[in-house]
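# Coordinate inspection notes
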Amino acid sequence: MTGSNQSWFERAQKVIPGGVDSPVRSFRSVGGTPYTVVSGSGAYVVDVEGTRYLDYVQSYGASLFGHAHPDVVAALQTAAARGTTFGAPTPGEVQLAELMTARVPGLEQVRLVSSGTEAVMSAVRLARGATGRDKILKFDGCYHGHSDALLVAGGSGVAQMGLPGSAGVTAGAVGDTIVAPYNVVPTLDDSVAAVLVEPVAANMNLVVPNDGFLSGLRRECDRVGALLIFDEVITGFRLAFGGAQEYFGVTPDIWCFGKVIGGGLPVGAFGGSRELLRHLAPLGPVYQAGTLSGNPLATAAGSKVLEMLTPGDYVDLSARVATFADNLSIAIASTGLYAATPVAGPLMGLYLSRTSFSPPTNFDEVKVLCENGLYGPFFHAMLERGVALAPGAYEILFVSLAHSEDDLARTVELAAESAKAVARS
Ligand SMILES: *Cc1c(COP(=O)(O)O)cnc(C)c1O
């Protein structure tokens, strides 16, 4: 590929709004020009200028084995040669659904869709249809995709852009959405169809649930007959072999998945018990559909990834991330800045400050840290040194199974150098 990042971004901006197809990819909150990626391999990506970056974006969590794993590539090649979409049932979708339901006790059926947004949007419709109630409750700073009703108080790009929600969303569309602070069990009444939660909040940087938060939600939902929806689009098959339920020992009524289960292709899924999923068309009155749902390419990649994952992978990756997180905060603390690197399994956040602080427990605390102006300069210092973090303070670090101990150790050294430069400025 020829051309510079600058020239590609200029071309992009002429034909694509803001030059990006998802706002989180723009460098709006950190400044500068995005690097345009031509390829990736394992833990690394290469841009149009031939610069190689150690990549902690990893498609915001869609790749757990790193980029272009040879076995995933081979599975895709085989699937592509057989035809990419039929509009009829395929073995691939059955196999992916079997792999998912076998790993998560209580998840008896899933419906496959093409994105996390669709999964959560459909899960909410199912919850409303099954309960006959209208209200849903979400938590401040949790991101559940960009469907209208859920775009209030979202984290991730919504927070990065400094938007309270979004223009173009009617008051009616969000009128039945209640927003509550993360880590406090709300008191519900019987107008609530469902409580929607990221079991680990990973779109407002990282916020770990307090002991008793998720189990408290379970109890409160049961008390009023509301359904508990775990949005596991990030945590699913990443936090643990069986996802957040296995990790925290709390079982939701509806699960939403995306990212990891697509092996790098567009997939989402939502599911629950057979009894609950009976409400879904063609069996029941809750309509939901998709031309490319259960797409053969996507299910081939997703199934390959799930087949390759072992319970030991999660133990190894979590241990590697725990050490990395400790080393990173210690290294940064020697530079004049303070860092917090909260972890949950292999998920890891990064907060910087000039003064000592404890890891945040809700979105208000997150915002104070993420808006202190340190992340942008730190991000650029790291990028100059060949380490690509997400271009926004509200995102987390995605360490993949392809990140070696050497990669992580080098990142710690470069982070110390970067923090030193930022502390001086
Ligand atoms: C990424 C994400 C979504 C949306 O998924 P898309 O595939 O981007 O539509 C929903 N919920 C959570 C928790 C996510 O991280």
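### Quick look at the overall build of the chain
- Secondary structure summary: the chain contains 15 helices and 16 strands in total.
- For the chain, whose C-alpha radius of gyration is 21 Å, the value lies close to the compact-globule estimate of 22 Å for 425 residues.
- For the chain, the spread of C-alpha atoms along the principal axes amounts to about 60 × 55 × 45 Å.
- Taking all 425 residues of the chain together, the buried fraction comes to 56%.
- Taken as a whole, the chain presents about 17,300 Å² of accessible surface, with 53% of it coming from carbon and sulfur.
- The distance from the centre of the 28 positive side-chain charges to the centre of the 39 negative ones in the chain is 3 Å.

### Brief notes about the site of the ligand
- Taken together, the residues surrounding the ligand are Ser-115, Gly-116, Thr-117, Tyr-143, His-144, Gly-145, Glu-198, Asn-203, Asp-231, Val-233, Ile-234 and Lys-259.
- In the model, an oxygen atom of the ligand is placed 2.6 Å from a nitrogen or oxygen of the Thr-117 side chain.
- Interatomic distance of 3.3 Å between a backbone N/O atom of Tyr-143 and a nitrogen atom of the ligand.
- Counted by class, the shell around the ligand contains three nonpolar, six polar and three charged residues.

### Regarding the packing of aromatic side chains
- Inspection of every chain in the model, using the stated rule, returns 12 aromatic pairs.
- A ring pair is formed by Tyr-182 and Phe-213, whose centres lie 4.9 Å apart and whose planes are at 55 degrees; its orientation type is tilted. Taken together, the residues Tyr-182 in the loop between β6 (177-180) and β7 (192-197) and Phe-213 in helix α8 (residues 213-224) connect sequence positions 31 residues apart.
- In this structure Phe-213 comes out as buried when scored by relative accessible area, which is 2%.
- Put simply, the rings of Phe-27, Tyr-35, Tyr-53, Tyr-375 and Phe-379 touch in pairs and so form one group of aromatic residues.
- When the ring centre of Trp-8 is taken as reference, the NZ or CZ atom of Arg-11 above it lies at 4.2 Å.
- Lying across the ring of Tyr-44, Arg-52 places its NZ or CZ 3.8 Å from the centre.

### Comments concerning the sheet that holds strand β4 (residues 109-113)
- Read across the sheet, seven strands follow the order β4-β10-β9-β8-β7-β5-β6 without closing on themselves; strand pairing throughout is mixed. With partners counted over all chains shown, the strands left at the sheet margins are β4 and β6, one partner each. Across this sheet, the average inter-strand angle for adjacent strands is 20 degrees, counted without regard to direction.
- Here five bridges tie β4 to strand β10 (residues 268-272), and the two strands are oriented antiparallel to one another. The partner of Gln-109 across the bridge, within β10, is Gly-272.
- Contacting β4, β9 (254-257) and β10, helix α4 (residues 91-103) crosses the sheet at an angle of about 130 degrees to β4.

### Thoughts on the sheet that holds strand β12 (residues 343-344)
- Spatial ordering of the open sheet is given by β12-β13-β16, a layout of three strands whose pairing is antiparallel. Where the open sheet ends on each side, the last strands, each with one partner, are β12 and β16 (397-398).
- With two bridges joining them, β12 and strand β13 (residues 347-348) adopt antiparallel strand pairing. Each residue of the ladder has a partner; that of Ala-344, found in β13, is Leu-347.

### Overview of the pairing of strand β8 (residues 227-231)
- The buried fraction of β8 is high, at five of five residues.
- Here β8 shows two buried faces, one formed by Leu-227, Ile-229 and Asp-231 and the other by Leu-228 and Phe-230.
- The parallel pair β7 and β8 is bridged by α8, and the resulting crossover is right-handed.
- Between β8 and its parallel partner β9, the chain crosses via helix α9 (residues 243-248), and the hand of that crossover is right-handed.

### Notes on the domain arrangement of the chain
- Domain assignment breaks the chain into domain 1 (5-64 + 311-424) and domain 2 (71-308).
- Using only C-alpha atoms to locate each centre, domain 1 and domain 2 end up separated by 25 Å.
- Every contact between the two is made by 39 residues of domain 1 and, on the other side, 32 residues of domain 2.
- Summing the contributions of domain 1 and of domain 2, the shared interface buries around 2,800 Å²; its carbon and sulfur component is 61%.
- Considering only the side of domain 1, the residues that lose the most area to domain 2 are Tyr-314, Phe-363 and Tyr-394, jointly responsible for 22% of the buried surface there.
- At the junction of domain 1 with domain 2, the criterion picks out zero salt bridges.
- Contributing elements (two or more residues each) for the side of domain 1 that touches domain 2: α2 (58-61), α12 (311-333), β12, β13 and α13 (363-370).

### Section: the pattern of salt bridges
- Tallying each qualifying case throughout the model produces eight salt bridges.
- In this structure, Glu-220 and Arg-223 form a salt bridge, with 2.7 Å as the shortest nitrogen-oxygen distance. With Glu-220 and Arg-223 both in helix α8 and three residues apart, the pair spans about one turn of that helix.
- The class of Glu-220 is buried, set by a relative accessible area of 12%.
- Residue Arg-223 is classed as exposed on the basis of its relative accessible area, which comes to 52%.

Cut-offs used in this document
Residues numbered from 1 in each chain as written. Predicted model: local features only at pLDDT ≥ 70, side-chain atom pairs only at ≥ 80, totals over all residues. Heavy atoms only, no water. Helix = DSSP H or I, 4+ residues; strand = E, 2+ residues; numbered from the N terminus. Rg over C-alpha atoms; globule rule 2.2 N^0.38 Å. Buried < 20%, exposed > 50% of the residue type's maximum accessible area, 1.4 Å probe, protein only. Areas by Shrake-Rupley, 256 points an atom, 1.4 Å probe, with all protein chains shown as cover. Lys, Arg positive; Asp, Glu negative; His and termini not counted. Charge placed at Lys NZ, Arg CZ, Asp CG, Glu CD. Near = heavy atom within 4 Å. Polar contact = N/O pair within 3.5 Å; in protein donor to acceptor, adjacent residues only side chain to side chain. Nonpolar A, V, L, I, M, F, W, Y, C, P; charged D, E, K, R; others polar. Phe/Tyr/Trp six-rings, centres within 6.5 Å; stacked < 30°, edge-to-face > 60°. Lys NZ or Arg CZ within 6 Å of the ring centre and 35° of its normal. Pairing = 2+ DSSP bridges. Axes fitted to C-alpha atoms, helices over the stretch in contact; angles between N-to-C directions. Contact = heavy atoms within 4.5 Å. Right-handed = clockwise from strand over helix to strand, strands pointing away. Domains from an automatic or database assignment. Buried area = accessible area lost by both parts, 1.4 Å probe. Salt bridge = Lys/Arg side-chain N within 4 Å of Asp/Glu carboxyl O.

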